[in-house]
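# Coordinate inspection notes
Here's the letter readout for the chains.
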Amino acid sequence: MDDSVQFYWDIIAQDTAAEGARLHFKRIPAELTCLDCGNIYAPGDGILACPKCQSTRTKIMAGEEFHLDSIDVETAKAPASASVEK
Ligand SMILES: [Zn+2]
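To start, this report covers the structure provided alongside it. (Residues numbered from 1 in each chain as written. Predicted model: local features only at pLDDT ≥ 70, side-chain atom pairs only at ≥ 80, totals over all residues. Heavy atoms only, no water.)

### Description of the coordination of the zinc ion
Keep this limit in mind: Sites may look incomplete because water is not among the atoms; the donors themselves are N, O and S atoms within 2.8 Å of the metal, or within 3.2 Å for Na, K and Ca. Only four donors with every angle between 85 and 135 degrees are called tetrahedral; only four or six donors with opposite donors over 155 degrees apart and all others between 65 and 115 are called square planar or octahedral, in that order; all others are irregular. Here's how the labels work: a residue is buried when its accessible area is under 20% of the maximum for its type, exposed when over 50%, partly exposed in between, all with a 1.4 Å probe on protein chains only.
Summarising the metal site, the zinc ion is bound by the protein donors C34 (SG), C37 (SG), C50 (SG) and C53 (SG), whose distances to it range over 2.3 to 2.4 Å. Coordination at the zinc ion comes from 4 donor atoms whose angles at the metal span 105 to 117°, giving a geometry best classed as tetrahedral. As a motif over one chain, the donors of the zinc ion read C-x2-C-x12-C-x2-C. Assessed through its relative accessible area of 0%, C50 is described here as buried. The class for C53 is partly exposed, based on a relative accessible area of 36%.

What follows is the structure in structure tokens.
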């Protein structure tokens with residue numbers, strides 16, 4: 001998922017100040033609450049059902065956020081006429 005976000009970012013950032021920007025992701029673990037027994041748990045790989053009562057009536061408590069933490073902007077230090085070394 002990170003890669004696809006970066007991929008689309010590269011496309012929409014073209015010819016803007018954000019062109020070439022690197023995105024850094026920090027994942028937060030998901031946390032579910034079972035609506036039947038009140039159990040709070042972290043879902044396993046692809047298994048969302050409550051490990052206690054096997055209920056699938058659950059509510060996502062954490063891990064659904066998409067939060068922008070910070071943006072570092074680097075301004076061009078060299079004048080536009082400077083030669084570019086490759
Ligand atoms: Zn349960």
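Having seen the model, we can carry on.
### A short note on the pairing of strand β1 (residues 31-34)
Basically, it comes down to this: When DSSP locates at least two bridges between a pair of strands, those strands are taken to pair. Each helix corresponds to a stretch of at least 4 residues labelled H or I by DSSP, and each strand to a stretch of at least 2 residues labelled E; elements are numbered beginning at the N terminus.
Taken together, the 4 bridges between β1 and strand β3 (residues 58-62) define a ladder with antiparallel strand orientation. Within β3, the position partnered with T33 by the bridge is K59. Inspection of the sheet shows β1 paired to strand β2 (residues 40-41) by 2 bridges, in the antiparallel sense. From the neighbouring strand, L32 faces β2, where its bridge partner is Y41.

### A closer look at the sheet that holds β3
Strand order in the open sheet formed by 3 strands is β2-β1-β3, and the pairing between neighbours is antiparallel. Every other strand in the sheet has two partners, leaving β2 and β3 as the edge strands with one partner each.

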